[in-house]
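Chains, contacts and geometry: an overview
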Amino acid sequence: MDNDQQPPPAPPEAPDKEKMDQIRRRRLEKLSGVSTPKSTQPTLGSTGIPSSSTTPISSENAEPAVKPKINITNAPTSPVALSSKVSPGTQDAADLPTVRKTPAEAQLKRSRAKSDGQASPRPNPPKKQAPASVDELLEAYENRTLGSIFRITLDPNQTVDSSNHKLIYLPNLRQELEDEQSPILLTKERLDSAILEAASAIPHSKGALDYLIPCWKRVMRTLKGIRGYASGKDAILKEAKRLCMSNCVFAVEMPEFFGREPNSALDTLTPYLLLEPEEERGISPDFLAEMDARFEEDESIKPMLRKAVIGLSQQLATMSMNDNYKPYVHAMKALSQFPKFVSAIAEDPLFQMATHAPGIEKHTILGPFFRISPLQAEVTKEYFAAPKTMDKRKVHTSQEALRLTLQTHQRDLLDIVNHFVRSSPESRNKTLDWFAYIVNSNHKRRALRPNPEELSSDGFLMNVTVVLDGLCEPFMDATFSKVNRIDVDYLRRNPRVEIKDETKLNADESASTEYYETVVPGTSNFISEVFFLTLAAHHYGSEATNSMLKSLDREIKYLTDKAKELEAERPKFASSPFNMARLEEQLRRVNDALEKAMSFKFAVEGVLFDKLMQARSLNFMRVVTVWLLRIATQSDYTPDKTIKLPLPAQQPDAFRFLPEYVLEDIVGNFNFIFRFLPDVMISAVGDEVIALCITFLTNSEYIKNPYLKAKLVSLLFHGTWPVYHRTKGVLGDSLVGTKFANDHLLHALMKFYIEVESTGAHTQFYDKFNIRYEIFQVIKCIWTNTVYQERLTQESKTNTEFFLRFVNLLLNDATYVLDEALTKFPKIHDLQAELRPPNSLTAEQRTAKEEELATAEGQAQSYMQLTNETVSMMKLFTKTLSASFTMPEIVERVAAMVDYTLDTLVGPKSLNLKVDDPKKYQFDPKTLLSEFIEIYLNLGVSESFVEAVAGDGRSYKPENFDRASRILTRHGLRSAEDMAAWEKLKGRFKTAKELEDQNEEDLGDIPDEYLDPIMATLMKDPVILPVSKQIIDRSTIRSHLLSDPHDPFNRSPLKIEDVIENPELKARIVAWRAEMMQKAKAARGDDLMDTTAG
């Protein structure tokens, strides 16, 4: 035979006939079907079709087959009646598919009589030609179909089939059939041997599955092509299907059966799972379905599956979103459709095998799937190359592209995880264990300086958070109907989530440890499990990434400034090539770091500014909010119900011992969305946010951390920022119109305004100004509702001590920020003058002056912003409550503050307030003067205020009031009506001053025992301090206690209620004063008479 007609010879390592016989015998234990040895032949049924349960027959009883001589001329076209013994299940020849016979097939076909083992053929009916039997047609069909499906042949001359597909010649099987004197035909009884020989002939550079999987697909296509009743054809094809799958398993698990050395790269389903199911070698759904059907009975399926999945995971661990990662995800999605597969994967040791946080995303099975993210370094570099020169539109386009890709990937991840938690209790528990391992390994993500080398990546944890949010969606309904399913006792049942080292809302470590050592009986439900896992994932995942944006901004600013500094140094090294090279290298490193930081920031923004993701996160946080309020109030709170405030003094233990991050996650998430994606809040936010803020600002003692309480104020503040057509922001209208807010908000804000005076932190002095600024903004937003003005009046009358403390601190702030702001402008004025050309400053001196000027300008801008807000608050409050601001305890301080400011704005010091571009610092002296004049007018209705202004010996100067009048008139800053009132008020000040001077003269020298030891003024209501026994005026000590709850003489704790009345001294002072005034009056009368007489 010519070489070009021969099929390619089997590789030398393929087993010979003897070796194949040994292998076949070993496989009998593995296959559920039967392999036919040489010494046996199949037992046939009544129709001549081999029975499904063939029993080997000994060679002594077997009758040798005789090769029939078959007439290969065309059969008659007309149908011929079959023998009466033919099974009713057979068909007429005309109804059967046409079988195209080759000459070899015709020569090798056995007669029915011989195949039935009969001594002689049945005689044909007289005068009729012998018909083509059904069995002959099935044998031809079987031979042709199996040859076509497995692309094998027993004919050495046939190298290709009718479709020109290359065929594998099976010499060993042919020899076997010849030795047995059996027909040289492919049969399902011999198919196992045929597949073994054919697969063994595949070059070892390829996997046996390269041959077997296409065979499987051809089997399935042929099976699906059968229509109606198929006689014995379906039995042939089902056996082919069964053997094909079995050999696929052997190819992966026992490649030595095919004479192959184990090869991990080839002996696995992994590369075939990565192909599209429609591709010839791709794993199709019906292949997986067959694996699933045989999963229980065939113990080899499980290791085959696990090996494939581990291969997918390990390969994906080396990839990024820039690579072709989608086939891996699609493969896992396809596998996860089968619960048995999912359980097997989850039970594999590699499902959770990692020794540290970074290893989770590379060495566990699901880790690499969650690792794919736009935040991978290579991806950020690809999408945001040359970030310093990218325009905003291109940045936005790249971010949107990243978001769309990530959304698709996260949906796929959620789909996979959903199958893992729903397939079986075992897979659910393993999956929850895996998520718990992630959050528990990343506690240090919230450290002040986290080390990325010891933690999971941002992209990985963001994907974890989003997927867990998705698992929570079934119980995140708008009516909060399933919140009661969240069991707070989960944390006391040896929970998966570790909270031992977490700061608690209002408990120390020892109390917390004791509380959680008591295990509560019972089993936690899935909702509770996933709820607490998701809370922790937000804390260590998305919230940590949110806060990282600020650090990135600081890092970028630092690197930008550093690059500028280095560029400025360039002229110094122009003459030194060595130093210039060092400078260039340093500058290159700084610019590389800057570009990396900018690229990463753009990518982080692209991920975090995903509205769909943040909307789902927001819905989860709304559930957390309602749940937390239920725990704190011990009620079934929902947003349509009202919380009764204040809460009981005894706090529920379940609330006190909760991790602090429960509340921190809520306010952090809401604040982030308010700030960057407020339109997401418009459609999602409810009254529960307002209830949360007001409840815990009113009962601030429920929360230990002052900064966490301050974030509640920030939440309200950000909620009042204008958004689109909403001038009062997302929350403003609700704050103005909601009854719960009307009843409690103002008091809550005033209460916290007082509390932040002392936070316990070393930065408390400066922290309080930022917090109070936000409080002012919220109050300005709600002040349009007169209900709040009435509430303030009520506070001043029914809760006077509380109100006075608030006003006192307001005055303290106003005095301090005004003084700090206005004293910065003279310094700015001088520095600007020194820097204005021409000047004789050296380069170093100029740089130092410029830095000093920049510092002063930054401080002035901050202080002026606070000044403007404080003055604005005083305008609002003094207009509504002038009497409250003129109480004896504070009226002198109010007068001193406004007099000092007026002197600064219009007195001799005002010349130094002139600076270049004052609007740059939000400094408008004329507007500020006008506002202070309004405060004067608001308070001028009180005679005690007029007297206090006139009695201000330090800053009351009549010429300042006259100068203010000229400025107001010149620039038209006040209405004519206001100017008339102002002039009248000036006259009252002058009269009061004259009277004050006269009284001082009349009293003369005041005895020391009548003088206030702090103010050095005549006491009106002397009291004795209980510990130090010092005598002081009641108004003085009351004013002192507004800012400091200690005895000013020995620092012992003191309350105004503790002071001791001193009626005897008070009576003596009153009598002495009356006596001195009477004497003075008499003296003035005598002088008048003497003058008249003269």
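Residues numbered from 1 in each chain as written. Predicted model: local features only at pLDDT ≥ 70, side-chain atom pairs only at ≥ 80, totals over all residues. Heavy atoms only, no water.

A word on the overall build of the protein chain. A count of helices and strands for the protein chain gives 41 helices and five strands. A burial count over the protein chain gives 52% of its 1094 residues as buried. For the protein chain, the proportion of contacts with a sequence separation of at least 24, taken over those separated by at least 6, is 75%. (Helix = DSSP H or I, 4+ residues; strand = E, 2+ residues; numbered from the N terminus. Buried < 20%, exposed > 50% of the residue type's maximum accessible area, 1.4 Å probe, protein only. Contact = heavy atoms within 4.5 Å.)

Let us look at the sheet that holds strand 5 (residues 1060-1061). Pairing is antiparallel across the open sheet formed by three strands, whose spatial order is 4-3-5. Each edge of the sheet is formed by a strand with only one pairing partner; in this case those strands are strand 4 (1031-1033) and strand 5. Docked against the sheet, helix 40 (residues 1034-1043) engages strand 3 (1022-1024), strand 4 and strand 5, running at close to 85 degrees with respect to strand 4. (Pairing = 2+ DSSP bridges. Axes fitted to C-alpha atoms, helices over the stretch in contact; angles between N-to-C directions.)

Cis geometry marks the peptide bond from L645 to P646; its omega dihedral reads -5 degrees. Checked against the element boundaries, P646 lands in the loop between helix 23 (611-633) and helix 24 (653-656). Backbone torsion omega between P837 and P838 reads 0 degrees, so that peptide bond is classified as cis. Here P838 lies in the loop between helix 33 (800-835) and helix 34 (843-880). Phi is positive for Q181, which is not a glycine, with a value near 55 degrees. In this structure, Q181 sits in the loop between helix 5 (171-179) and helix 6 (191-200).

What follows covers the state of the cysteines. Per the counting criterion, the structure on display carries zero disulfides. The closest cysteine sulfur to the non-disulfide-bonded C244 is located on C248, 4.6 Å from its own sulfur. (Disulfide = S-S within 2.5 Å.)

Let's shift gears to the nonpolar core. Inside soluble globular proteins, nonpolar side chains tend to come together where they are buried. Ranked by internal contacts, the top residues of the largest apolar core, which has 298 residues, are F150, F435, W627, L628 and Y936. A total of 17 residues in this core trace back to one element, the largest contributor, which is helix 33. L628 has contacts with L505, F655, L658, V662, L663, I666, L692 and F696, leaving out every residue within four places of it along the chain. (Core = buried A, V, L, I, M, F, W, Y, C linked by side-chain atoms within 4.5 Å.)

The next point concerns a nonpolar patch on the surface. Taken together, the side chains of I1014, M1015 and F1049 present a nonpolar region at the surface, about 260 Å² in accessible area. Take M1015: it is sitting in the loop between helix 39 (976-1003) and strand 3. Residue M1015 is classed as partly exposed on the basis of its relative accessible area of 42%. (Patch = residues over 30% accessible without salt bridge, like charges linked within 9 Å, V, L, I, M, F, W, Y side chains within 5 Å. Areas by Shrake-Rupley, 256 points an atom, 1.4 Å probe, with all protein chains shown as cover. Salt bridge = Lys/Arg side-chain N within 4 Å of Asp/Glu carboxyl O.)

To continue, consider the packing of aromatic side chains. Scanning the model with the defined rule gives 45 aromatic pairs in all. Arranged with centres 5.8 Å apart and planes meeting at 20 degrees, the rings of F351 and F420 form a pair that is stacked. Of this pair, F351 sits in the loop between helix 13 (339-346) and helix 14 (357-363) while F420 sits in helix 17 (residues 392-423); the two residues are 69 residues apart in sequence, bridging distant segments of the chain. Judged by its relative accessible area of 0%, F420 falls in the buried class. Their ring planes at 50 degrees and their centres at 5.7 Å tell us that F531 and F620 sit as a pair that is tilted. Taken as a pair, F531 in helix 21 (residues 526-569) and F620 in helix 23 lie far apart in primary sequence, 89 residues in all. (Phe/Tyr/Trp six-rings, centres within 6.5 Å; stacked < 30°, edge-to-face > 60°.)

Attention shifts here to the side chain of S456. Examined against the element boundaries, S456 turns out to sit in the loop between helix 18 (425-440) and helix 19 (458-472). Residue classification places S456 among the buried positions, given a relative accessible area of 4%. When residues no more than four places from it in sequence are discounted, the contact partners of S456 are A357, P358, E361, N442, R445 and L461.

There is a patch of like negative charges on the surface, built from E498, D501, D508 and E509. Relative to the assigned elements, D508 resides in the loop between helix 19 and helix 20 (509-517). (Lys, Arg positive; Asp, Glu negative; His and termini not counted. Charge placed at Lys NZ, Arg CZ, Asp CG, Glu CD.)

A cluster of basic side chains, namely K914, K926, R966 and R970, defines a positive patch on the protein surface. Looking at the element boundaries, R966 is found in helix 38 (residues 958-971). For R966, a relative accessible area of 46% corresponds to the partly exposed category.

Looking now at the side chain of S1028. Within the secondary structure, S1028 sits in the loop between strand 3 and strand 4. In this structure S1028 comes out as buried when scored by relative accessible area, which is 18%. Excluding residues that lie within four positions of it along the chain, S1028 makes contacts with D1047, F1049 and N1050.

By the definition in use, this model includes 68 salt bridges. In this structure, the salt-bridge partner of R1038 is E889, at a minimum N-O distance of 2.5 Å. With R1038 in helix 40 and E889 in the loop between helix 34 and helix 35 (891-906), the pair connects residues that are 149 residues apart, well separated along the chain. A salt bridge links K957 to D903, with the nearest nitrogen and oxygen atoms 3.5 Å apart. Residue K957 is found in the loop between helix 37 (943-950) and helix 38, and its partner D903 is found in helix 35; the two are separated by 54 residues along the sequence. With a relative accessible area of 5%, D903 lands in the buried category. Here the salt bridges share partners, and the residues they tie into one network are K875, E931, E934, R974 and D978.

Take helix 11 (residues 301-316) next. Between its first and last C-alpha, helix 11 extends 23 Å over 16 residues, near the 22 Å set by a 1.5 Å rise per residue. Taken together, the buried positions of helix 11 are I301, M304, L305, R306, A308, V309, I310, G311, L312, S313 and L316. The inward-facing, buried residues of helix 11 abut helix 8 (233-253), helix 9 (270-273), helix 10 (285-293), helix 12 (326-335), helix 13 and helix 15 (367-371). (Expected span 1.5 Å × (residues − 1).)

The first and last C-alpha atoms of helix 36 (residues 925-939) sit 21 Å apart over 15 residues, in line with the 21 Å expected at 1.5 Å per residue. In terms of burial, helix 36 is a largely internal element, 12 of the 15 residues being buried. Those residues of helix 36 not exposed but buried are L928, L929, S930, E931, F932, I933, E934, I935, Y936, L937, N938 and L939. Looking at the packing, one finds that the buried side of helix 36 touches helix 33, helix 34, helix 35, helix 37, helix 38 and helix 39.

Before going further, it helps to examine the packing of helix 21 against helix 23. It is the contact of helix 21 with helix 23, at a shortest axis distance of 12 Å, that shows an interaxial angle of 115 degrees. Classified by chirality, the crossing of helix 23 by helix 21 is left-handed. Between helix 21, through F531, F532, T534, L535 and H538, and helix 23, the contact on the second element is made entirely by S617, F620, M621, V623, V624 and W627. Looking at the contact of helix 21 with helix 23 residue by residue, the class counts come to eight nonpolar, three polar and no charged. (Left-handed = near helix turned anticlockwise from the far one by under 90°. Nonpolar A, V, L, I, M, F, W, Y, C, P; charged D, E, K, R; others polar.)

As a further point, take the environment of F676. Position of F676 relative to the elements: it lies in helix 25 (residues 661-676). Given the relative accessible area of 35%, F676 is considered partly exposed. For the pair F676 and F609, spaced 67 residues apart in the sequence, the C-alpha separation amounts to 7.4 Å.

Next up on the list: the packing of helix 30 (residues 739-755) against helix 33. Their axes nearest at 9 Å, the elements helix 30 and helix 33 cross at an angle of 60 degrees. In terms of orientation, helix 30 lies oblique with respect to helix 33. Crossing of helix 30 against helix 33: the hand is left-handed. Facing H747, M750, K751, Y753 and I754 of helix 30, the residues of helix 33 in contact are F802, F803, R805, F806, L809, L810 and D813. Class assignment for the residues of the contact of helix 30 with helix 33 results in eight nonpolar, one polar and three charged. (Parallel < 35°, antiparallel > 145°, perpendicular 65-115°, else oblique.)

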